[in-house]
Amino acid sequence: WIMTSLYVMTFGSFSGFSAAFPLMIKSVYGHFPDAPDPLTYAFIGPLVGSVIRVVMGPPSDKWGGAIWTLLSGIGLFACAIGVTFFTTPASLAEFPMFVALMIGLFLFAGIGNTSTFRQIPIIFEPRQAGGVLGFTGAIAAYGPFLFSVAIGAVIGSTGNPNLFFYAAAVFYAANVVL
């Protein structure tokens, strides 16, 4: 269950933010004249998260996955709190920091994707590891649905996604403790 929670923190965040990032750009910055086109930026976060997942394979193999998962959780927590300062913008000048912190979320989620999957075959005996990998992957695959619904509901009721990010930060902090 702990590994499932850690993988939801990482892959659930990666896939969930991949689905919701364009929605947030449109909802948060779409009312400005010359608003940024969400589709121009939609691919950047998933690209960063995917590339870092590949790059982090060797370091996770060399130093183990636990330290990188811890770093991932701390980074996700910091970026989730940080992005809330740019979700009620007064001007488009705040948009680059919003994008940078969202890319930070993708970066740290990608690091955690690699490191969490690295830990499972070490923690569990071979006969259990495959089942745990499959189970954690299946549960985390709900990320796009859960994140999109939650972010959409929070934006619909409060006008910005801050409440979602605060809840995500609490979840990330709990996973750092785990």
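It should be noted that the structure appears before, not after, this text.
Read on for a plain summary of the structure.

Procedures and definitions
- Residues numbered from 1 in each chain as written.
- Predicted model: local features only at pLDDT ≥ 70, side-chain atom pairs only at ≥ 80, totals over all residues.
- Heavy atoms only, no water.
- Core = buried A, V, L, I, M, F, W, Y, C linked by side-chain atoms within 4.5 Å.
- Buried < 20%, exposed > 50% of the residue type's maximum accessible area, 1.4 Å probe, protein only.
- Helix = DSSP H or I, 4+ residues; strand = E, 2+ residues; numbered from the N terminus.
- Contact = heavy atoms within 4.5 Å.
- Salt bridge = Lys/Arg side-chain N within 4 Å of Asp/Glu carboxyl O.
- Polar contact = N/O pair within 3.5 Å; in protein donor to acceptor, adjacent residues only side chain to side chain.
- Phe/Tyr/Trp six-rings, centres within 6.5 Å; stacked < 30°, edge-to-face > 60°.
- Expected span 1.5 Å × (residues − 1).
- Arc of directions from axis to C-beta.

Thoughts on the nonpolar core
Then step 1. Counting 42 residues, the largest nonpolar core has Phe17, Phe98, Met102, Leu105, Phe165 and Tyr172 as its most contacted members.
Then step 2. Where this core is concerned, the elements lending two or more residues are α1 (2-29), α5 (65-83), α6 (95-123), α7 (126-140), α8 (143-158) and α9 (162-177).
Then step 3. Beyond its immediate sequence surroundings of up to four residues, Tyr172 is in contact with Met9, Ser13, Phe17, Gly73, Leu76, Phe77, Ala80, Leu105 and Phe147.

Brief notes about the environment of Pro36
Then step 1. Turning to its location among the elements, Pro36 is positioned in the loop between α1 and α2 (38-41).
Then step 2. The class of Pro36 is buried, set by a relative accessible area of 15%.
Then step 3. With eleven residues separating them in the primary sequence, Pro36 and Ile25 have C-alpha atoms 7.6 Å apart.
Then step 4. In this structure Pro36 touches Ile25, Tyr29, Tyr41, Leu92 and Phe95, once residues within four positions along its chain are discounted.

Topic: the pattern of salt bridges
Then step 1. Taken as a whole and assessed by the stated rule, the structure comprises one salt bridge.
Then step 2. Residues Asp61 and Arg118 are paired through a salt bridge, measuring 3.0 Å at the closest nitrogen-oxygen approach. Pair noted here: Asp61 is in helix α4 (residues 57-63) and Arg118 is in helix α6, with a separation of 57 residues, a long-range link.
Then step 3. Residue classification places Asp61 among the partly exposed positions, given a relative accessible area of 48%.
Then step 4. On the basis of relative accessible area, Arg118 is assigned to the partly exposed category, the value being 25%.

Here we look at the side chain of Asn175
Then step 1. Its location among the elements puts Asn175 in helix α9.
Then step 2. One polar contact links the side chain of Asn175 to the main-chain amide nitrogen of Leu6, over a distance of 3.4 Å.
Then step 3. Not counting residues up to four positions away in its chain, the partners in contact with Asn175 are Ser5, Leu6 and Met9.

Concerning the packing of aromatic side chains
The geometry of an aromatic ring pair comes down to the distance between the two centres and the angle between the two planes.
Then step 1. By the definition in use, this model includes 20 aromatic pairs.
Then step 2. Their ring planes at 70° and their centres at 6.4 Å tell us that Phe17 and Phe106 sit as a pair that is edge-to-face. Placement of Phe17 in helix α1 and of Phe106 in helix α6 is noted, with a sequence separation of 89 residues between them.
Then step 3. Aromatic side chains Tyr29 and Phe95 sit 5.0 Å apart centroid to centroid with 75° between the ring planes, which places their arrangement in the edge-to-face category. Of the two residues, Tyr29 sits in helix α1 while Phe95 sits in helix α6, which places them 66 residues apart along the sequence. Each member of the pair Tyr29 and Phe95 is classed as buried.

Side note on unusual backbone geometry
Then step 1. Phi at Asp34 takes a positive value of approximately 60°, unusual for a residue other than glycine.
Then step 2. If you trace the backbone, Asp34 turns up in the loop between α1 and α2.
Then step 3. By relative accessible area, Asp34 is classed as exposed at 75%.

Considerations on α8
Then step 1. The terminal C-alpha atoms of α8 lie 22 Å apart, and with 16 residues this matches the ideal 22 Å at 1.5 Å per residue to within 8%.
Then step 2. Among all positions in α8, only Gly143, Phe147, Ile151, Val154 and Ile155 are buried. The buried residues of α8 occupy an angular sector of 95° when projected down its axis, which confines them to one face. Pointing more than 90 degrees away from the buried face of α8 are the exposed residues Phe145, Gly156 and Ser157.
Then step 3. Those residues of α8 that are buried lie in contact with α1, α7 and α9.

Purely geometric numbers; function is a separate question.
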